[in-house]
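Structure at a glance
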Amino acid sequence: MAAVLLAAAAMIATACSSGEKYNVEGTISEAEDSVLYFEHMSLSGPVAIDSVRLKADGTFHFSRKAAASPEYYRLRIANQIINLAADSTETVTITASGRNMGSQYTVEGSESCEKIKELTLMQQQLQQQIITIARDPKLGASAVADSLNAVVDAYKEQVKRNYIYAEPMKPQAYFALFQTVYAGGWQPVAIFSPRGVDDDIRAFAAVATSWDAYYPGTERTENLHNIAIKGMKDQRIAKNKQNQTVDFSQIDVSNIVDIALPDSHGQIHRISDLKGHVVLLDFCVYGVEGATQRIMAMRELYNKYHAQGLEIYQIGYDADEHFWKTQTAALPWTCVYDADGIGSRNIVSYNVLQLPTYFLLGRDCSVDKRDVQISDIDKAIRSLM
């Protein structure tokens, strides 16, 4: 049974076979003799990986080995840019004019690239709004600040609703988190801040949670995970400084790493309430590939050992809470939801490095083993009965 659980978890990780390619091709008219650069948007900045001097017909073709997780590229002529995402081995076709390729182009073959185009055009509109407000002679300093905050907040709400929380595992969600604008200086300013802004931190955490599940261990996933964790940690430190009062009645002096979270009806369930049972503590995401098989394997374990004292305490980390509720409605064990995502103290306390992950707890609710230490889940459960 452990093999079923581990195999289901492994299905979440994606990998590309050797030789598979991501292709970008198309036509950029009115750009004869211009150099078109194909650049990789690495975590350290743009890196030119190929280029071509365009001929009269404006055709071009670039190819790149497909990666195990979404990667980001751009086409550039001088300061005109087209942003691209590679989330498979598709061929993306671009049609544009050298006169205005950064704002007026068509893209075919990739839904993610179409979404990134939408976000890019929206960001350009936001930038123009910022410039217009900043240059309005009728507005005083306070009115300018209020107006800028209003347009930026409206932009963020639209992007969170339609691009980040809608599909947090998609390339466009990650892309949206790192958009910038120029707001009164030469340096770009991040639209979403993972430092000190609660709603923004939650957005980072939602995407990080999904990427942990879909693309575990990749460079971008680990970077995003670290950003979200640091944001949540800084947020907790700031809140603790505001409230220095300690409720000593809540301190657990036993060896239990307790968790208290709400179910779909808001009722709080604690791991410590399950003392006297063997507990399978599961950190999971329901909306990923392999989740159904994993739940079926757990249901088999539950049916087999529940009468002998097995309980399952399953924590959901889906970005969409409503989706989580629908997925857990018919499950017979304890299902709770952690709204803090991967920045949760529960993730930190149990040293969860990727999702999904499970632990076996003894009848005293202390940790016996984690999934990577278990080769035979049936044997491990029976040894604790």
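Since we're looking at a predicted model, the values are computed, not measured.

It is worth spelling out the packing of helix α3 (residues 141–164) against helix α5 (residues 198–214) at this point. Helices that pack against each other are described as a pair by the angle of their axes relative to one another and the distance between those axes. Relative to each other, α3 and α5 sit at 15 degrees, their axes nearing to 12 Å. On the basis of their axis angle, the class for α3 and α5 is roughly parallel. The crossing of α3 and α5 is left-handed. Seen from α3, the contacting residues are Lys156, Lys160 and Ile164; seen from α5, they are Asp199, Asp200, Ala203 and Val207. When its residues are assigned to classes, the contact of α3 with α5 shows three nonpolar, no polar and four charged.

By the definition in use, this model includes 16 aromatic pairs. For the cation-ring pair, lysine 117 lies above tyrosine 105, with the distance from its terminal atom to the ring centre recorded as 5.0 Å.

Take unusual backbone geometry next. Phi at aspartate 33 takes a positive value of approximately 75 degrees, unusual for a residue other than glycine. Take aspartate 33: it is sitting in the loop between β1 (21–29) and β2 (35–42). Positive phi, close to 55 degrees, is recorded for alanine 78, a residue that is not glycine. Mapped onto the elements, alanine 78 comes out in the loop between β5 (71–77) and β6 (80–86). Residue alanine 78 is classed as exposed on the basis of its relative accessible area, which comes to 53%.

All right, on to the environment of isoleucine 131 then. The topology assignment puts isoleucine 131 in helix α2 (residues 111–134). Take isoleucine 131: its relative accessible area is 28%, and that puts it in the partly exposed class.

The end-to-end C-alpha separation of α2 is 35 Å, in line with the 34 Å expected for 24 residues at 1.5 Å each. Among the residues making up α2, those that are buried are Ser112, Cys113, Ile116, Lys117, Leu119, Thr120, Met122, Gln123, Leu126, Gln127, Ile130 and Ile133.

Okay, the sheet that holds β6 next. The four strands lie next to each other as β3-β2-β5-β6, forming an open sheet whose pairing is antiparallel. Two strands in the sheet have a free side with no partner beyond their single neighbour: β3 (45–53) and β6. Recorded for the sheet is a direction-independent mean angle of 25 degrees between the axes of neighbouring strands. Here eight bridges tie β2 to β3, and the two strands are oriented antiparallel to one another. Of the residues in β3, the one forming a bridge with methionine 41 is proline 46. In the packing of α2 onto the sheet, contacts are made with β5 and β6, and the angle to β6 comes to roughly 140 degrees.

Attention shifts here to the nonpolar core. Membership of the largest hydrophobic core comes to 56 residues, with the highest contact counts inside it found for Val159, Ile259, Leu281, Phe283, Tyr313, Ile315 and Tyr350. Counting only elements with at least two residues in this core, the list comes to α2, α3, α4 (171–177), α5, α6 (219–242), β13 (278–284), β14 (310–316) and β16 (357–361). Apart from the residues within four sequence positions on either side, phenylalanine 283 is in contact with Ile259, Ile315, Tyr317, Asn346, Ile347, Tyr350, Val352, Leu355, Pro356, Thr357 and Phe359. Among the nonpolar cores identified, the runner-up in size contains 23 residues, and Val278, Ile295, Leu301 and Trp333 belong to it.

Running from N to C, helix α7 (residues 291–305) and helix α10 (residues 377–384) cross one another at 35 degrees; their axes reach a closest spacing of 12 Å. The two elements α7 and α10 meet at a crossing, and its hand is right-handed. Contacts between α7 and α10 involve Leu301, Lys304 and Tyr305 from the former and Ile377, Asp378, Ile381 and Arg382 from the latter. The residue inventory of the contact of α7 with α10, partitioned by class, reads four nonpolar, no polar and three charged.

Here we come to the sheet that holds β16. Each strand in a sheet pairs with its neighbour through backbone hydrogen bonds, running either in the same direction (parallel) or in the opposite one (antiparallel). Spatially, β15-β14-β13-β16-β17 is the arrangement adopted by the five strands of the open sheet, whose pairing is mixed. For this open sheet the edge positions go to β15 (334–337) and β17 (367–370), each flanked by a neighbour on one side alone. The mean inter-strand angle of the sheet, taken between neighbouring strand axes irrespective of direction, is 20 degrees. Where β13 meets β16, five bridges bridge the pair, whose relative direction is antiparallel. Its bridge partner being in β16, leucine 281 is matched across the sheet by phenylalanine 359. This element, α7, spans β13, β14 and β16 of the sheet and lies at about 155 degrees to β14. Sheet contacts for helix α8 (residues 321–328): β14 and β15; angle to β15, the most-contacted strand, approximately 175 degrees.

Thresholds applied
Residues numbered from 1 in each chain as written. Predicted model: local features only at pLDDT ≥ 70, side-chain atom pairs only at ≥ 80, totals over all residues. Heavy atoms only, no water. Axes fitted to C-alpha atoms, helices over the stretch in contact; angles between N-to-C directions. Helix = DSSP H or I, 4+ residues; strand = E, 2+ residues; numbered from the N terminus. Parallel < 35°, antiparallel > 145°, perpendicular 65-115°, else oblique. Left-handed = near helix turned anticlockwise from the far one by under 90°. Contact = heavy atoms within 4.5 Å. Nonpolar A, V, L, I, M, F, W, Y, C, P; charged D, E, K, R; others polar. Phe/Tyr/Trp six-rings, centres within 6.5 Å; stacked < 30°, edge-to-face > 60°. Lys NZ or Arg CZ within 6 Å of the ring centre and 35° of its normal. Buried < 20%, exposed > 50% of the residue type's maximum accessible area, 1.4 Å probe, protein only. Expected span 1.5 Å × (residues − 1). Pairing = 2+ DSSP bridges. Core = buried A, V, L, I, M, F, W, Y, C linked by side-chain atoms within 4.5 Å.

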